[in-house]
Amino acid sequence: MKKRLIAMCLSLALVCCLSVPAFAVGDGNIDGGGGGMGDGTSTNSWSPGNDGVRVTVVKAENHSPVTTPIDLTNKKPPSTMFHFGKVSKIQYNNGSGLSPQQGTFQYINPPQAMPRIVSTNGSNNIEAIKKYFCSEYTIQMIANHTGMDYDVLIGGKYKLLLEPFTFYKFEGVMIATTATEAAMYDEQVGGLLRKRMVSLSHKNLPLAMFLEVSDLGYPAWGGSTTKAASNADIKSSLGLGVVRFTDQPEPPNVSAYDYKYRVNTEVITAVTVSGGQSDPDNPTTVSFSIDGRTYNVGNVYYPEGDSQLAWVKWTTPATEQDMVIQVTIRGPGGTDKTTINCKIVDLDKNPPPNPVADDRNDSFKQESVPQRAVKDRADWTVWDPWWQEYWVWHGDDEDGFWCDHGWWEFDLDRYYASLSSSMSIKCDEKNPTANGRVMKSGYGINQTANGSIRTNQSSAVTQPQNAVSYFPEFNYQTYWRLLERMGGGKFEFQKNNYSTYKNRTHFSPIWMPDGKYEVNTWLIDGWTPVGMLSANLTDSLTIRGSLWQDWHIGPLQP
């Protein structure tokens, strides 16, 4: 028998909104849906109108939050309410965890009331929401409260990330959550929030806002707009809207590849399984066909209305290539992908050329270290089914028998992986005139990088396996060095063929100007079921003078 989800009892209410100025400053990428609410209890309930919107200013170029989020609501939430602070969806997706706290919930009551955000029946007025958050009045108010200059905010370099939130009673305690926080919290409490509050936490709240077109790295939502969503879908695609200040949305990041791997690397490939219910009586098995070999992943369980990741750990080939992985399924449900396209690259093909004494670069301009993909924590869950016995007596007193009419219940086990990393550079040991962390240009440097992952499911994780260093003389591109894995999570330069002593060194160019010499290392290939953990590291020395100052030409002594 299937898990029974207890809904909530809610009364319908009308939400009256003041008019919004007609002049539109922004362009809203927002759509919405939802459905009806059920019956509830005295300990698990929500009152219509107890909602709001979390607003974060985000840099359009790299999708990074630049302000602390602010929460707008028409209500006055209880002072003793529990919440998770001011954290945006982007920050959660980048690895931030939930940090529960009680009281001190800071909010703003707009002088001009917002339209209804979270509906009771899926009929919230999305056009009114767009009009409100794209108006000059609202944008000016957001600029004032976030500390952004209004003209800078609307100049095209920034966007507004909108996230609906609600505050409601869960297990007798008032709590405020965005859709993303609700999904993450549900995972922490083993699916209990979904069990008690599914119509709100997994349907009307996450479906209050979703994207019409892809933006800020999030996809347009193409799933159901009337049914409860899974935690995975909520975290990846629901409970957000975007206000942009340019005529066109950013072009989608179109890639023919689902994964990009390195050669000779142990990696993890995952798919999401959903549909129906998978339990020990009706199990699901996922098969991955990779490079002529089939990997079968069994015991993939999940309750009805939810989903489960299924993954395989394998080692990439030694040569660059494009690879297609076929995915098939036996049992209930289906996968989000049946074909996975992988690109496998070799990073050890572009080391710097040999620097020579007469090299020049008179037009050199120091560039900032670029941003690279960074993720230092990953969280995932696994459904664990168990049988709830329910014995029923059949027949009369003498000829009857007991029969178990039980059903499968599910616990949600939580797993994590956390990356620790560091790097350091120093003057090469063969540098005769180095002074601490000061050296002359033209001499070499040595480097050490370290990375390790702490986890409570080691079978589902790989330790960092590659590190790539980039240098300022090449503007952190063009040429790079793939570091050698030394064991124990330690990486160093490979032996340099241009070094007289074959040292593990990198030579700075003799034309390098005085100042900071900063090396950038991207530590990568720590794989988990929910993606790669990586770190963007830097360290620097100071260049003062050049190697030529250590040379002297003069006549021989008689």
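Just so we're clear, the structure is a prediction, and the values are computed from it rather than from any experiment.

(A) Expanded view of the overall build of the protein chain. A count of helical and extended segments in the protein chain gives seven helices and 29 strands. When each of the 558 residues of the protein chain is scored for burial, the buried share is 49%. In the protein chain, the share of contacts with a sequence separation of at least 24, taken over all contacts with a separation of at least 6, comes to 73%.

(B) Just the side chain of Ser201, in detail. Counting through the fold element by element, Ser201 comes out in helix H6 (residues 192-204). Given the relative accessible area of 1%, Ser201 is considered buried. A polar atom in the side chain of Ser201 sits 2.7 Å from the side chain of His202. Setting aside residues up to four positions removed in sequence, Ser201 forms contacts with Ala182, Leu193, Arg194, Pro206 and Ile234.

(C) The pairing of strand E8 (residues 241-244), seen in detail. The side-chain alternation of E8 yields two buried faces, one formed by Gly241 and Val243 and the other by Val242 and Arg244. Strand direction decides the pairing type here: strand E6 (residues 158-170) and E8, joined by four bridges, are antiparallel. Within the sheet, the bridge partner assigned to Leu160 lies in E8 and is Val243.

(D) Examining H6 more closely. With 13 residues, H6 should cover 18 Å at 1.5 Å per step; its first-to-last C-alpha distance of 17 Å lies within 8% of that length. For H6, the principal kink sits at Val198 and spans about 105 degrees. Counting buried residues along H6, ten of its 13 residues qualify, which places the element largely inside the surrounding structure. Turning to H6, its buried residues number three or more, namely Leu193, Arg194, Met197, Val198, Ser199, Leu200, Ser201, His202, Lys203 and Asn204. Looking at the buried residues of H6, the elements they touch are E6, helix H5 (179-188) and helix H7 (231-237).

(E) Representation of the pattern of salt bridges in the model. Inspection of the entire model under this criterion finds 24 salt bridges. Between Asp539 and Arg437 there is a salt bridge; the shortest N-O distance is 3.1 Å. Of this pair, Asp539 sits in strand E29 (residues 531-546) while Arg437 sits in the loop between strand E20 (407-427) and strand E21 (438-441), and the two are 102 residues apart along the sequence. In this structure, the salt-bridge partner of Glu492 is Lys490, at a minimum N-O distance of 3.3 Å. Note on Glu492: relative accessible area 16%, which makes it buried. The exposure class of Lys490 is partly exposed, given its relative accessible area of 31%.

(F) Molecular detail of helix H2 (residues 126-133). Among all positions of H2, only Ile126, Ile129, Lys130, Tyr132 and Phe133 are buried. Viewed end-on, H2 has its buried residues packed into an arc of 165 degrees, placing them on one side of the element.

(G) Region of interest: a negative patch on the surface. The grouping of Asp396, Asp397, Glu398 and Asp399 at the surface amounts to a negative patch. In this fold, Glu398 is placed in the loop between strand E18 (391-394) and strand E19 (401-404).

(H) View of the packing of aromatic side chains. One pass over the structure, following the stated rule, counts 18 aromatic pairs. Aromatic pair Tyr259 and Tyr261: ring centres 5.2 Å apart, planes at 15 degrees, arrangement stacked. Classification of Tyr261 as buried rests on a relative accessible area of 0%. Arranged with centres 6.4 Å apart and planes meeting at 20 degrees, the rings of Trp380 and Tyr415 form a pair that is stacked. On the criterion of sequence distance, the pair formed by Trp380 in strand E17 (residues 377-388) and Tyr415 in strand E20 is long-range, its members being 35 residues apart. Across the pair, Tyr415 and Trp380 agree in class, each one buried. Through successive ring pairs, a cluster of aromatic residues spans Tyr259, Tyr261, Trp314 and Trp527. Sitting over the ring of Phe105, Lys86 keeps its end group 4.3 Å from the ring centre.

(I) Main features of the sheet that holds E21. Strand order in the open sheet formed by five strands is E21-E29-E28-E23-E24, with mixed pairing between adjacent strands. Every other strand in the sheet has two partners, leaving E21 and strand E24 (480-482) as the edge strands with one partner each. Adjacent strand axes in the sheet meet at a mean angle of 35 degrees when their direction is disregarded. Summarising the sheet, strand E23 (residues 466-470) and strand E28 (residues 515-528) pair through five bridges and their orientation is antiparallel. By the bridge assignment, Ala467 is partnered in E28 with Leu523.

(J) Representation of the pairing of strand E11 (residues 284-290) in the model. Most of E11 sits out of view: six of its seven residues are buried. Where E11 lies against strand E12 (residues 293-300), six bridges are found, and the strand directions are antiparallel. Residue pairing across strands places Phe288 opposite Tyr295, the latter belonging to E12. Here E11 hands over to E12 after two residues, with Asp291 in that stretch at a positive phi of 50 degrees. Both E11 and strand E14 (residues 321-330) contribute to a ladder of five bridges, which runs antiparallel.

(K) Layout of the environment of Trp480. Considering the arrangement of structural elements, one finds Trp480 in strand E24. Here Trp480 falls in the partly exposed class, since its relative accessible area comes to 22%. Here the alpha-carbon distance between Trp480 and Tyr470, two residues ten residues apart in the chain, equals 4.9 Å. With near-sequence residues (within four places) excluded, Trp480 lies in contact with Leu347, Asn350, Pro351, Pro352, Val468, Ser469 and Tyr470. Only 2.9 Å separates the side chain of Trp480 from the backbone oxygen of Leu347, close enough to count as a polar contact.

(L) Representation of the sheet that holds strand E10 (residues 266-274) in the model. Strands sit in the order E13-E10-E15 across an open sheet of three strands; the sheet is antiparallel. Each edge of the open sheet carries a strand with a single partner, namely strand E13 (307-315) and strand E15 (334-335). In this structure, E10 lies alongside E13, joined through nine bridges in antiparallel fashion. Residue pairing across strands places Val273 opposite Gln308, the latter belonging to E13.

Reading the values: rules and limits
Residues numbered from 1 in each chain as written. Predicted model: local features only at pLDDT ≥ 70, side-chain atom pairs only at ≥ 80, totals over all residues. Heavy atoms only, no water. Helix = DSSP H or I, 4+ residues; strand = E, 2+ residues; numbered from the N terminus. Buried < 20%, exposed > 50% of the residue type's maximum accessible area, 1.4 Å probe, protein only. Contact = heavy atoms within 4.5 Å. Polar contact = N/O pair within 3.5 Å; in protein donor to acceptor, adjacent residues only side chain to side chain. Pairing = 2+ DSSP bridges. Expected span 1.5 Å × (residues − 1). Bend = angle between axes of the 7 residues up to and from the residue. Salt bridge = Lys/Arg side-chain N within 4 Å of Asp/Glu carboxyl O. Arc of directions from axis to C-beta. Patch = residues over 30% accessible without salt bridge, like charges linked within 9 Å, V, L, I, M, F, W, Y side chains within 5 Å. Areas by Shrake-Rupley, 256 points an atom, 1.4 Å probe, with all protein chains shown as cover. Lys, Arg positive; Asp, Glu negative; His and termini not counted. Charge placed at Lys NZ, Arg CZ, Asp CG, Glu CD. Phe/Tyr/Trp six-rings, centres within 6.5 Å; stacked < 30°, edge-to-face > 60°. Lys NZ or Arg CZ within 6 Å of the ring centre and 35° of its normal. Axes fitted to C-alpha atoms, helices over the stretch in contact; angles between N-to-C directions.

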